[in-house]
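# Remarks on the overall topology
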Amino acid sequence: DREEGGKDEGKKGIRLKMSLNKGGGQGGMSASDLENLTKAVQRLVQSTAPLGKCMDYVQEDLTQMTKEGERWGNHFRSNIDAFLEAKKRTEEDLTPLRSQLRDLEDQVEEMKERIRGTKTNIVKNDERIRNLLRGVVSN
């Protein structure tokens with residue numbers, strides 16, 4: 001039998017009432033067994049009470065963590081949006097610059113080709129001058 005409150009209302013906890021069999025026969029508990037059981041139950045309740053209090057805060061902590069997760073998710077999404085917008089603007093700004101770079105590279109190649117052609121003409125003219133000078137000197 002279990003009785004909560006009862007006659008000992010000044011004391012807290014659960015009170016167990018059992019018929020004590022003083023002879024220690026079948027079906028009953030001795031006073032020392034009952035005392036040991038009561039102490040074991042009290043130790044169990046005392047050791048689980050902090051766990052119960054922690055469990056009370058679990059839902060509150062989960063709610064806070066969920067809100068924080070949502071906040072970080074929103075922050076992440078807004079930063080991704082800002083990054084994509086900046087990337088788009090950068091690409092738009094770079095397009096004319098890339099075109100200009102290609103034009104300049106083409107001009108550089110044309111100039112190099114002209115320089116090579118001029119160098120070839122110089123070498124040919126030098127050879128021609130040498131041949132003319134050899135002809136003048138040998139006459």
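Please refer to the structure higher up on the page.
Presented here is an overview of the structure given in this document. (Residues numbered from 1 in each chain as written. Predicted model: local features only at pLDDT ≥ 70, side-chain atom pairs only at ≥ 80, totals over all residues. Heavy atoms only, no water.)

## Regarding the overall build of the protein
Along the protein, the regular secondary structure elements total one helix and two strands. Order of helices (α) and strands (β) in the protein, N terminus to C terminus: β-β-α. Per-residue burial over the protein gives 1% buried out of 139 residues. Working note: accessible area of the protein is about 12800 Å², and carbon and sulfur atoms make up 56% of it. (Helix = DSSP H or I, 4+ residues; strand = E, 2+ residues; numbered from the N terminus. Buried < 20%, exposed > 50% of the residue type's maximum accessible area, 1.4 Å probe, protein only. Areas by Shrake-Rupley, 256 points an atom, 1.4 Å probe, with all protein chains shown as cover.)

## Points about the environment of Ser78
Residue position: Ser78 is located in helix H1 (residues 31-138). A relative accessible area of 39% places Ser78 in the partly exposed class. Here the side chain of Ser78 touches His75 through a polar contact of 2.9 Å, landing on its backbone oxygen. (Polar contact = N/O pair within 3.5 Å; in protein donor to acceptor, adjacent residues only side chain to side chain.)

## A short note on a nonpolar patch on the surface
On the surface, Leu51, Met55, Val58, Leu62 and Met65 cluster together to form a nonpolar patch covering roughly 480 Å² of accessible area. Here Val58 lies in helix H1. (Patch = residues over 30% accessible without salt bridge, like charges linked within 9 Å, V, L, I, M, F, W, Y side chains within 5 Å. Salt bridge = Lys/Arg side-chain N within 4 Å of Asp/Glu carboxyl O.)

## Some details on the pattern of salt bridges
Per the counting criterion, the structure on display carries four salt bridges. The salt bridge involving Glu113 is made with Arg116; its shortest N-O contact spans 2.8 Å. You can see Glu113 and its partner Arg116 sitting in helix H1, three residues apart, about one turn around the helix. Judged by its relative accessible area of 42%, Arg116 falls in the partly exposed class. With a closest N to O distance of 3.3 Å, Arg130 and Glu127 form a salt bridge. Residue Arg130 and its partner Glu127 are located together in helix H1, separated by three residues, close to a single helical turn. Arg130 sits in the partly exposed class, given a relative accessible area of 43%. Here Glu127 falls in the partly exposed class, since its relative accessible area comes to 35%.

## Comments concerning a negative patch on the surface
Together, Asp103, Glu105, Asp106, Glu109 and Glu110 make up a negatively charged patch on the protein surface. The topology assignment puts Asp103 in helix H1. (Lys, Arg positive; Asp, Glu negative; His and termini not counted. Charge placed at Lys NZ, Arg CZ, Asp CG, Glu CD.)

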